[in-house]
Amino acid sequence: MKLPYQILCSVLRTTMRLLWGRWESGCEVIPGTGPVVLASNHISNWDAVLVGLACRRRVHFLAKQELFRNRLFGNLISNLNAIPLSRCGTDARGLRRAIEVLKRGGVLVVFPEGTRSKTGRLGRAKAGVGYVAHAGGATVIPAHITGSDRMWQCLVNRAELRLTFGKPVPVEGPATKEAYRSLTQRVMDAIAALAKERTGD
């Protein structure tokens, strides 16, 4: 059943606040209008849902096709505007849909690493986030999340579940492969800086 997006988000956001308290910060940096890419580190299948709930605007996000095999979770992320993406080679259709979201002035959640980190540390990024941001003329907002890979522990033991947004990363230069790589690296540097702020290292 297709649930109204805003109602679903409101219910999930309220539930999150009741169970995990105030877990998001820096949301005010997200522009209220225009195309936006929310670029976050990736440690759990819940990351896209959490980043989306923290944003008051309607968001879309790329999700690997395998996540739709679980009927319950697949239905949830479908209702939250997930765009299926094949990880076998370049999924031109998935990327095209993502760029269309931005060209319509929408918000897209992207994970530059392309896959979850099993260690919690930032991995090597792909140039996709740079390409999509350039093609969609978007503002890029970096984000860093901790605790989403141990949601139960965060609830039972009050371990920290935290999502922090940083200042916009400017999209600069012509739309070239070098520009895509440069933007991707600057986004990853911004995410790393947010992680450092959290740990104090």
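Residues numbered from 1 in each chain as written. Predicted model: local features only at pLDDT ≥ 70, side-chain atom pairs only at ≥ 80, totals over all residues. Heavy atoms only, no water.

Caption draft 1: Representation of the sheet that holds strand E3 (residues 59–64). With mixed pairing, the seven strands of this open sheet are ordered in space as E1-E7-E6-E2-E5-E3-E4. The two strands at the open ends of the sheet, each matched to only one other strand, are strand E1 (24–25) and strand E4 (82–85). As defined by bridge partners, strand E2 (residues 36–40) adjoins strand E6 (residues 139–146) across five bridges and the pair is classed as parallel. Residue pairing across strands places Val36 opposite Thr139, the latter belonging to E6. Against the sheet, helix H2 (residues 47–54) makes contact with E1, E2, E3, strand E5 (107–110), E6 and strand E7 (162–165), and its axis sits at roughly 55 degrees relative to E7, the strand it touches most. (Pairing = 2+ DSSP bridges. Helix = DSSP H or I, 4+ residues; strand = E, 2+ residues; numbered from the N terminus. Contact = heavy atoms within 4.5 Å. Axes fitted to C-alpha atoms, helices over the stretch in contact; angles between N-to-C directions.)

Caption draft 2: Just the environment of Ala82, in detail. One can find Ala82 in strand E4. Measuring from C-alpha to C-alpha, the distance between Ala82 and Val109 comes to 9.5 Å, with 27 residues separating the pair along the chain. Setting aside chain neighbours within four positions, we find Ala82 in contact with Phe61, Ala63, Phe68 and Ile77.

Caption draft 3: Region of the structure containing the packing of aromatic side chains. Under the counting rule described, the total for this entry stands at two aromatic pairs. Ring plane angle 85 degrees and centroid distance 5.3 Å describe the contact between Trp46 and Phe73, whose orientation is recorded as edge-to-face. With Trp46 in the loop between E2 and H2 and Phe73 in helix H3 (residues 71–79), the pair connects residues that are 27 residues apart, well separated along the chain. Since its relative accessible area comes to 36%, Trp46 is described here as partly exposed. With centroids separated by 5.4 Å and ring planes inclined at 75 degrees, the aromatic side chains of Tyr131 and Tyr180 adopt a geometry described as edge-to-face. Remark: Tyr180 occurs in helix H7 (residues 177–199) and Tyr131 occurs in helix H5 (residues 128–136); sequence separation between them is 49 residues. (Phe/Tyr/Trp six-rings, centres within 6.5 Å; stacked < 30°, edge-to-face > 60°. Buried < 20%, exposed > 50% of the residue type's maximum accessible area, 1.4 Å probe, protein only.)

Caption draft 4: Broad picture of the pairing of E4. Two elements, E3 and E4, share four bridges in a ladder whose sense is parallel. Counted as the bridge partner of Lys64 is Leu85 from E4. Considered for its hand, the β-α-β crossover made up of E3, H3 and E4 is right-handed. (Right-handed = clockwise from strand over helix to strand, strands pointing away.)

Caption draft 5: Geometry of the packing of helix H4 (residues 92–103) against H5. The interhelical angle for the contact between H4 and H5, taken along N-to-C directions, is 40 degrees, at an axis separation of 8 Å. One element, H4, and the other, H5, form an angle in the oblique class. The two elements H4 and H5 meet at a crossing, and its hand is right-handed. Between H4, through Leu95, Ile99, Leu102 and Lys103, and H5, the contact on the second element is made entirely by Tyr131, Val132, Ala135 and Gly136. Class assignment of the residues belonging to the contact of H4 with H5 gives a composition of six nonpolar, one polar and one charged. (Parallel < 35°, antiparallel > 145°, perpendicular 65-115°, else oblique. Left-handed = near helix turned anticlockwise from the far one by under 90°. Nonpolar A, V, L, I, M, F, W, Y, C, P; charged D, E, K, R; others polar.)

Caption draft 6: How the structure looks around H4. A rise of 1.5 Å per residue sets the reference length of H4, with its twelve residues, at 16 Å; its end C-alpha atoms lie 16 Å apart and thus fit the reference within 8%. Along H4, the positions that sit buried rather than exposed are Gly94, Ala98, Ile99, Val101 and Leu102. Across the axial projection of H4, the buried residues extend over an arc of 150 degrees, all falling on one side. Away from its buried face by more than 90 degrees, H4 exposes Arg93 and Lys103. The inward-facing, buried residues of H4 contact E2, E3, E4, E5 and H5. Following H4 by one or two positions, Gly105 has its phi on the positive side, about 85 degrees. (Expected span 1.5 Å × (residues − 1). Arc of directions from axis to C-beta.)

Caption draft 7: Main features of the pairing of E2. Among the five residues of E2, five are classified as buried, and the element is accordingly described as predominantly covered. Because side chains alternate across E2, one face comprises the buried residues Val36, Leu38 and Ser40, and the other comprises Val37 and Ala39, equally buried. Pairing analysis gives four bridges linking E2 to E5, with the strands arranged parallel. Counted as the bridge partner of Val36 is Val107 from E5.

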